[in-house]
Amino acid sequence: MPTNNKPNRLIAEKSQYLLQYAHNPVNWLPRGKEAFDKAKRENKPLLVSIGYS
């Protein structure tokens, strides 16, 4: 998957696992209230990564 020069919201995370995806073109959100509220508001499912690297 190509990388993007503009970081997404994961750039502020402390986890090295999450930081791997900070320049990914997907608009990832870290697990938390904001992500759950957005999914509920937009009536969309959540994709939860449990770590595979």
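In short, a report on the structure. (Residues numbered from 1 in each chain as written. Predicted model: local features only at pLDDT ≥ 70, side-chain atom pairs only at ≥ 80, totals over all residues. Heavy atoms only, no water.)

It is worth spelling out the side chain of N8 at this point. Along the chain, N8 turns up in the segment before α1 (16-19). On the accessibility criterion, N8 (9% relative accessible area) is buried. Side-chain polar atoms of N8 contact the backbone oxygen of V26, separated by 3.1 Å. Among residues more than four places away in sequence, those in contact with N8 are Y21, A22, N24, V26 and W28. (Helix = DSSP H or I, 4+ residues; strand = E, 2+ residues; numbered from the N terminus. Buried < 20%, exposed > 50% of the residue type's maximum accessible area, 1.4 Å probe, protein only. Polar contact = N/O pair within 3.5 Å; in protein donor to acceptor, adjacent residues only side chain to side chain. Contact = heavy atoms within 4.5 Å.)

The phi dihedral of N43 is positive, around 55 degrees, even though this residue is not glycine. Among the secondary structure elements, N43 is positioned in the segment after α2 (33-42).

A few words on the pattern of salt bridges. Applying the stated rule across the entire model yields four salt bridges. Between R9 and E34 there is a salt bridge, and its shortest N-O distance comes to 2.2 Å. Placement of R9 in the segment before α1 and of E34 in helix α2 is noted, with a sequence separation of 25 residues between them. Assessed through its relative accessible area of 38%, R9 is described here as partly exposed. E34 gets classed as partly exposed once you look at its relative accessible area, which sits at 48%. Between E42 and K44 there is a salt bridge; the shortest N-O distance is 3.3 Å. Residue classification places E42 among the partly exposed positions, given a relative accessible area of 35%. Taken together, the shared-partner salt bridges connect K38, E42 and K44 into one network. (Salt bridge = Lys/Arg side-chain N within 4 Å of Asp/Glu carboxyl O.)

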